[in-house]
Structure formats: structure tokens, C-alpha cells
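# Understanding the architecture of this molecule
Chain by chain, the residues:
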Amino acid sequence: MKRVFSGVKPSGNLTLGNYLGAMRHFVAMQDDYECFYSVVDLHALTVPQEPEELRQQAISLAALYLAVGIDPKKSTLFIQSQVPAHAELGWLLQCMSYMGELGRMTQYKDKAREQESVTVGLFTYPALMAADILLYQTDVVPVGEDQKQHVELTRDIAIRFNNRFGEVFKVPEPLIPSIGARIMSLSEPHKKMSKSSNSMGDIHLLDEPNVIKKKINRAVTDSEAVVRYDPENKPGVSNLLVIHALCSGESVAALEERYQGQGYGALKKGTLEAVLAVLEPIQARYRQLMASDEIYDILAAGAAKAREAAAPTLKRVKEVMGLNL
Ligand code: ATP
Ligand code: LTN
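To start, this report covers the structure provided alongside it. As the structure is a prediction and not an experimental result, all values here were calculated from the model.

Cut-offs used in this document
Residues numbered from 1 in each chain as written. Chains lettered and ligands numbered in written order. Predicted model: local features only at pLDDT ≥ 70, side-chain atom pairs only at ≥ 80, totals over all residues. Heavy atoms only, no water. Buried < 20%, exposed > 50% of the residue type's maximum accessible area, 1.4 Å probe, protein only. Helix = DSSP H or I, 4+ residues; strand = E, 2+ residues; numbered from the N terminus. Pairing = 2+ DSSP bridges. Near = heavy atom within 4 Å. Polar contact = N/O pair within 3.5 Å; in protein donor to acceptor, adjacent residues only side chain to side chain. Areas by Shrake-Rupley, 256 points an atom, 1.4 Å probe, with all protein chains shown as cover. Phe/Tyr/Trp six-rings, centres within 6.5 Å; stacked < 30°, edge-to-face > 60°.

By the alternation rule, side chains of strand 3 (residues 76-79) split into Thr76 and Phe78 and Leu77 and Ile79, which are all buried. Here strand 2 (residues 34-39) runs beside strand 3; their pairing, made up of 4 bridges, is parallel. Bridge pairing in strand 3 links Tyr37 to Leu77.

This is the structure in C-alpha cells:
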């Protein structure tokens, strides 16, 4: 079976963007691939975190992985910091990465602008992400559009490493969904919906239904009053159409047809119903999981499996680099 790896940072409340652009696909891939899914807490540390909050967010994210449908019998779910090979290979790959290529990463440039002081970890983060992926000899990395550049860098690092030291790493492919790879903010539809922005434009997976209603009702549209998919000229309306389509399982074209001649009120009402139909069952499962201790056992077993799967690659890397005295 081919292998899948992907990770989500425990850096805030997950958004509908995380779900539609990434996690929904994680669930769909479980039957056809051997999947490794991680709560990448080491990555969250690239910007300041409160220790207690980070711990809680890591557990909450693990519960959400399960609530959206990750099945621990099929997939390996684990917390990154419980598998030391990530940090170890991360360092080795930092020594195979160039300042120039890391400096070109757009996520770094965007996040660096938002920070008062920028840590070295924020800069070298893509080398750690490459380690996450390459440790498991991953074939496919399902991610949203914003992570494409990092997966491409991972490929470059893997190829460079293999050229220098021999065929150690599988060179992975990104898998970016054709629709929903970049869900936009409802209030600023030219920006991506983001879990760390804390605005009315972001629908969180754990938002109360009345909060979601308020956010969708206030979503920015335009003055044309025509429901048409045109991301360039009608980013707000197009974003609502994509969210609606992905949540209700209909095509964007079918929705354009359905809402023809109706105002944006009808589109927003339909979008709200579709979003709640997806999120309410997830929220119910999440509450159940958080009320039990089951999750700790699942994560301990996941970490043990991940440690075992990661060990041969790290051993081989150390051998070829001359670290096996
Ligand atoms: P932050 O805003 O804290 O940087 P993030 O949501 O961008 O967080 P992650 O939580 O690590 O970052 O993202 C997990 C996955 O969700 C990634 O594959 C990412 O590409 C995807 N993703 C994030 N935001 C969106 C979005 N708005 N639309 C589609 N996919 C998204
Ligand atoms: N960089 C990603 C999170 C991430 C990831 C990974 C995704 C860390 N390691 C490995 C896929 C594979 C982000 O910021 N969203």
C-alpha cells in the first residue's frame, strides 16, 4: 500500500478551511493508503504558545481528527513531539537546506511580517516539515494550496539528499484538491480562512450554530445580486458557493442554477444549512471523545507505531551521513 502523511498544527481552533481543504481528504484516503496523521506540535512552537494551552490544543486537535472520521484502526494518529525522530531528522535536513530557498517560502514571509520578533524556528520550519514527510517514505501528501510550496521544497531536499548520499528517501507528491484547496475568509474574501486570525471571517469547526449563522449572514458579497461562480470578480459569492457545494455534495454549477434569480439571502441560508449538516455531527462526536479517556490510549498506540515506522529511515540517514559510529 502507498503511504500518506499529513499534519495539522495545534495552533488555534480548526476552521472549515482546514476541514474542506485537508482533513476531509485524510478521511477519504484511509481505505486506499497506509496513513500517518500527526498533530504537529513542534511546528506550533514557531510562534509563541502558552504551555497549558498548547497541551490542551494538541488533545483537542487529536479529538477533532477522530471526530471528522480518522479511524485509529486504519490510520496511525500521533503527536509529533512523542516521536523524537522528527526533531532529529529535522536537524539533519536543516543542514541540507539553503537559506535562499527557505527565505523564498511565502508562509514564512507572511508570518514573519505578523510577528514582533521572528524565531529561527519559523525560518527553518520547512526542513522540519520535510523530515515529517520523508521519515515515513511517504508517497502522497494531502494538503491545502498554501502548503504546496513546502511539499515542493520537500521534494527538492529529498532529491538533493539522494543525489549526494544514495537513494534513501522516496520523493513524495503533493495532493491538492481541485476544489476547496483555498477556502477564503468570509469577511475578507481575498485572504485565506485561517485558524490563527480570530476574525468573524473564519468558521471554526467548534463554533456554536448561532455563531456560524452570524458569520455567514455577515459574509461579504458584492452589489451585483447575481449568484455566479467568478472568484476573480466575485470572491465572496464564489467562496460561499464552494463551501456550500463541498458541504452539501452538489456541484457549483447545480447551485448557480438553483439560486438563479434569488438574492444572496437564499444563498447564505442554503450555505448555513449545508455547513451545519456537516459540523453538528462532528461536534457531537468531539464532545463524546473529550469526555472520555480513550484518546490518550489511541495517541500512545499511535506514537508507538509511528516510532517503529520512522526508525529504519532515520537509521539509514545516519549511516549514509557518517553518524553511525
Ligand atoms: P495557521 O493559520 O495557524 O497558520 P493553518 O490552518 O494554515 O494554520 P494547519 O493547521 O497546519 O495551518 O493546516 C492544516 C491543513 O489545512 C494544511 O494542509 C493546510 O493547507 C490546510 N488549510 C489551512 N487553511 C486552509 C484554507 N483556508 N483552505 C483550504 N485548506 C486550508
Ligand atoms: N506546514 C503545515 C503543517 C505541516 C504539515 C507537515 C503538512 C507540518 N508538517 C507535513 C503536511 C505534511 C501547515 O502549516 N499547514
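Okay, the site of ligand 2 next. Lining the immediate surroundings of ligand 2 are 14 residues, of which Lys9, Tyr125, Met129, Asp132 and Gln147 lie closest. Contact between ligand 2 and Tyr125: a nitrogen atom at 2.3 Å from a side-chain N or O atom of the residue. Between Gln147 and ligand 2, the recorded distance is 2.9 Å, taken from a side-chain N or O atom to a nitrogen atom. In the complex, 93% of the free accessible area of ligand 2, which totals 370 Å², lies under the protein chains. Listing elements by their share of the shell around ligand 2, those giving two or more residues are strand 1 (3-8) and helix 7 (120-134). The leading source of residues in the shell around ligand 2 is helix 7, at 4 residues.

The subject of this paragraph is the packing of aromatic side chains. Enumeration according to the criterion identifies 10 aromatic pairs in this entry. Look at Tyr37 and Tyr65: their rings are 6.3 Å apart centre to centre, the planes differ by 25 degrees, and that puts the pair in the stacked class. With Tyr37 in strand 2 and Tyr65 in helix 3 (residues 51-68), the pair connects residues that are 28 residues apart, well separated along the chain. In this pair, the class of Tyr37 matches that of Tyr65, namely buried. Taken together, Phe5, Phe36, Phe78 and Tyr136 form an aromatic cluster joined through their ring pairs.

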